Amino acid sequence: MPIFFRNSRLAPIATRHFWLSETPNVPGSVSWDAGQTRMVTLVHFRLLTSAHSASSDDIWVLNTHWDDRGVESRTEAAKVILREVNALLKKDGSPGMRGKAVVLLGDLNSPSREEGYGTLTGHTYSTPNFSPTSKSQTTFLDSRHSLALAHHSHSAPRGATPLLTNAFGDVDGTFTGFNPQPQHEIIDFIFVLDNGALGLGGWTISRFGVVPNQFEDGRGRMYISDHKLVVAALERA
């Protein structure tokens, strides 16, 4: 799974891949009811300063694409990812993830009503008022629900990014299937690990939006994908 990054802002420290199967370290492995091989790329980055020198801060980014056929495989994929991430959380020192920003991106093929999404987020968003559930392991926060919003009377501190009063775009759907009619299926997500990075760790989600995938090119409508682009800005508070 590719991860593109701006080399003036991030410097890769380590990269690894694992597969969403019963044998995550076996390349190409397939399990459960998955229709094909599915995997995760994980990159550990060091944040760079404006002078291109390394800071003391780290960030981890994971990219994945879950199976589009197997409901069981999507649930199990969530478990594999949580096991891998929680194992890194327990490590002392580098590359320990505790309190650091850990971002998971992906087309999950799993809407929020499915168990795969629920497992990955600790079922936080399936409870009234998004009340956290009792969790035996650290799970992920959905950036669309973690966006720092401003009230209309809010005034941003000098030098800080002004907060929005709402998310950008049609956030009620990310998959269109090249259908010109509005679709309300959300299966593409940006998550941040619920390990204290947001808030106490000094990070905030200052922007969230869904960018249209249909544009006019002078000869009619043009689609750049059957999915819309999901964007989030993760910044130091």
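Residues numbered from 1 in each chain as written. Predicted model: local features only at pLDDT ≥ 70, side-chain atom pairs only at ≥ 80, totals over all residues. Heavy atoms only, no water.

A.B. asks: Account for the environment of D226, naming residues and giving values.
C.D. replies: Locating D226 in the fold gives a position in the loop between β10 (221-223) and β11 (229-236). For D226 and F175, which are 51 residues apart along the polypeptide, the C-alpha to C-alpha distance reads 6.3 Å. Aside from chain neighbours lying at most four places away, what touches D226 is T174, F175, T176, G177, F178 and N213. (Helix = DSSP H or I, 4+ residues; strand = E, 2+ residues; numbered from the N terminus. Contact = heavy atoms within 4.5 Å.)

A.B. asks: Quick one: what's the story with the nonpolar core, residue by residue and with numbers?
C.D. replies: In a soluble, globular protein the nonpolar side chains are often hidden away together inside. Among the nonpolar cores identified, the biggest contains 27 residues, and I81, L120 and F140 are the most heavily contacted of them. Secondary structure elements with two or more residues in this core: β2 (39-48), β3 (54-65), α1 (71-89), β4 (101-107), α2 (115-120), β5 (140-142) and β7 (188-193). Not counting residues within four places of it along the chain, the set of residues in contact with L120 comprises W66, A78, I81, L82, L104, L108, T139, F140 and F191. Counting 18 residues, the second largest nonpolar core, distinct from the first, contains L10, F45, V61 and V230. (Core = buried A, V, L, I, M, F, W, Y, C linked by side-chain atoms within 4.5 Å. Buried < 20%, exposed > 50% of the residue type's maximum accessible area, 1.4 Å probe, protein only.)

A.B. asks: I'd like to hear about the confidence of the model for the protein chain, residue by residue, with values.
C.D. replies: Detailed reading of the predicted model is not advised wherever pLDDT is low. Summing up the model confidence of the protein chain, the mean pLDDT is 82 and the portion of residues at 70 or higher is 79%. Contacts of residues 150-158 to residues separated by more than four positions or lying in other chains number eight contacts, the stretch itself having pLDDT below 50. (pLDDT = per-residue confidence, 0-100.)

A.B. asks: An account of empty space enclosed by the protein is requested, with residue identities and associated values reported.
C.D. replies: Under the counting rule described, the total for this entry stands at one cavity of 30 Å³ or more. The volume enclosed by the largest cavity comes to roughly 60 Å³. Around the largest cavity, the lining is made up of 13 residues, and of these L20, A34, R38, D67 and S73 lie nearest the centre. Residue composition of the lining of the largest cavity, grouped by class: five nonpolar, five polar and three charged. (1 Å grid on protein atoms, 1.4 Å probe; cavity = no way out; pocket = protein on both sides within 12 Å on 5 of 7 lines; lining within 4 Å. Points joined across faces, edges and corners; volume = space filled by probe spheres on them. Nonpolar A, V, L, I, M, F, W, Y, C, P; charged D, E, K, R; others polar.)

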